[in-house]
Amino acid sequence: AVPGTVQIGTPLTHERFLRRTRGAYGPRVEAGKHTLPGHKTPLEGLLLTGDFTFPGIGVPATAASGAVTANTLVSVGDHNRMLDKIRLPIK
């Protein structure tokens, strides 16, 4: 951003730059009537993640969606073993 300027995001901004229908976030799901889409697709090796999939809209839910998808690819145990191999520096 340029000092002294203000950037504004509106539904029209989201529609244009994020390709969201009418600037919407995630799908509209009525409680008890529908469920959010899962992570798997009919195409082998193609998984979905984000606010349009389970568990839904918002930063925590979207992060959880990424974790679900990642754990579909690699088990939590394998993930931990990989982290042990690279040994991140202690701060």
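A quick note: this is a predicted structure, and the numbers were derived from the prediction, not measured.

Asks: What am I meant to see in the overall build of the protein chain here?
Replies: Across its full length, the protein chain carries 3 helices and 0 strands. Listing the helices and strands of the protein chain from first to last along the sequence gives α-α-α. Scaling as 2.2 N^0.38, a compact globule of 91 residues should have a C-alpha radius of gyration of about 12 Å, whereas the protein chain reaches 18 Å, well beyond that. With the principal axes as the frame, the protein chain shows a C-alpha extent of 45 × 45 × 25 Å. Going through the 91 residues of the protein chain one by one, you find that 13% of them count as buried.

Asks: In this structure, what is going on with the confidence of the model for the protein chain? I would like to understand it.
Replies: As a note on interpretation, predicted positions should not be read in detail where pLDDT is low. A residue-level look at the protein chain finds 96% of positions with pLDDT of 70 or above and a mean pLDDT of 84. Model confidence for the protein chain, summarised as mean pLDDT per element, is weakest for helix α1 (residues 11-18) at 84 and strongest for helix α2 (residues 59-73) at 90.

Asks: Would you explain the side chain of Thr 53 in this entry?
Replies: Secondary-structure assignment places Thr 53 in the loop between α1 and α2. Reaching out from Thr 53, the side chain makes a polar contact with the backbone oxygen of Gly 50 at a distance of 2.9 Å. In this structure Thr 53 touches Leu 36, Pro 37, Gly 38, His 39, Leu 48 and Ser 65, once residues within four positions along its chain are discounted.

Asks: Help me out: how do you make sense of unusual backbone geometry in this one?
Replies: Glycine aside, negative phi is the norm for most residues, and most peptide bonds take the trans geometry. Note the cis peptide between Phe 54 and Pro 55, where omega equals 10°. Tracing the sequence through the fold places Pro 55 in the loop between α1 and α2.

Asks: How do you make sense of a nonpolar patch on the surface when you look at a structure like this?
Replies: A cluster of nonpolar residues, Leu 83, Ile 86 and Leu 88, forms a patch on the protein surface that exposes about 300 Å² of accessible area. Relative to the helices and strands, Leu 83 is located in helix α3 (residues 76-86).

Asks: What should I look at first to understand the environment of Asp 51 in this one?
Replies: Along the chain, the position of Asp 51 falls in the loop between α1 and α2. Along the chain, Asp 51 and Ser 75 lie 24 residues apart, while their C-alpha atoms are 22 Å from each other.

Asks: Is there a simple way to explain the pattern of salt bridges in this structure?
Replies: If the charged atoms of two oppositely charged side chains come close together, the side chains can form a pair. Throughout the structure, instances matching the rule amount to 1 salt bridge. A salt bridge links Arg 81 to Asp 78, with the nearest nitrogen and oxygen atoms 2.5 Å apart. Residue Arg 81 and its partner Asp 78 are both found in helix α3; the two are separated by 3 residues, about one turn of the helix. Classification of Arg 81 by relative accessible area gives partly exposed; the value is 49%.

What counts as what
- Residues numbered from 1 in each chain as written.
- Predicted model: local features only at pLDDT ≥ 70, side-chain atom pairs only at ≥ 80, totals over all residues.
- Heavy atoms only, no water.
- Helix = DSSP H or I, 4+ residues; strand = E, 2+ residues; numbered from the N terminus.
- Rg over C-alpha atoms; globule rule 2.2 N^0.38 Å.
- Buried < 20%, exposed > 50% of the residue type's maximum accessible area, 1.4 Å probe, protein only.
- pLDDT = per-residue confidence, 0-100.
- Polar contact = N/O pair within 3.5 Å; in protein donor to acceptor, adjacent residues only side chain to side chain.
- Contact = heavy atoms within 4.5 Å.
- Patch = residues over 30% accessible without salt bridge, like charges linked within 9 Å, V, L, I, M, F, W, Y side chains within 5 Å.
- Areas by Shrake-Rupley, 256 points an atom, 1.4 Å probe, with all protein chains shown as cover.
- Salt bridge = Lys/Arg side-chain N within 4 Å of Asp/Glu carboxyl O.

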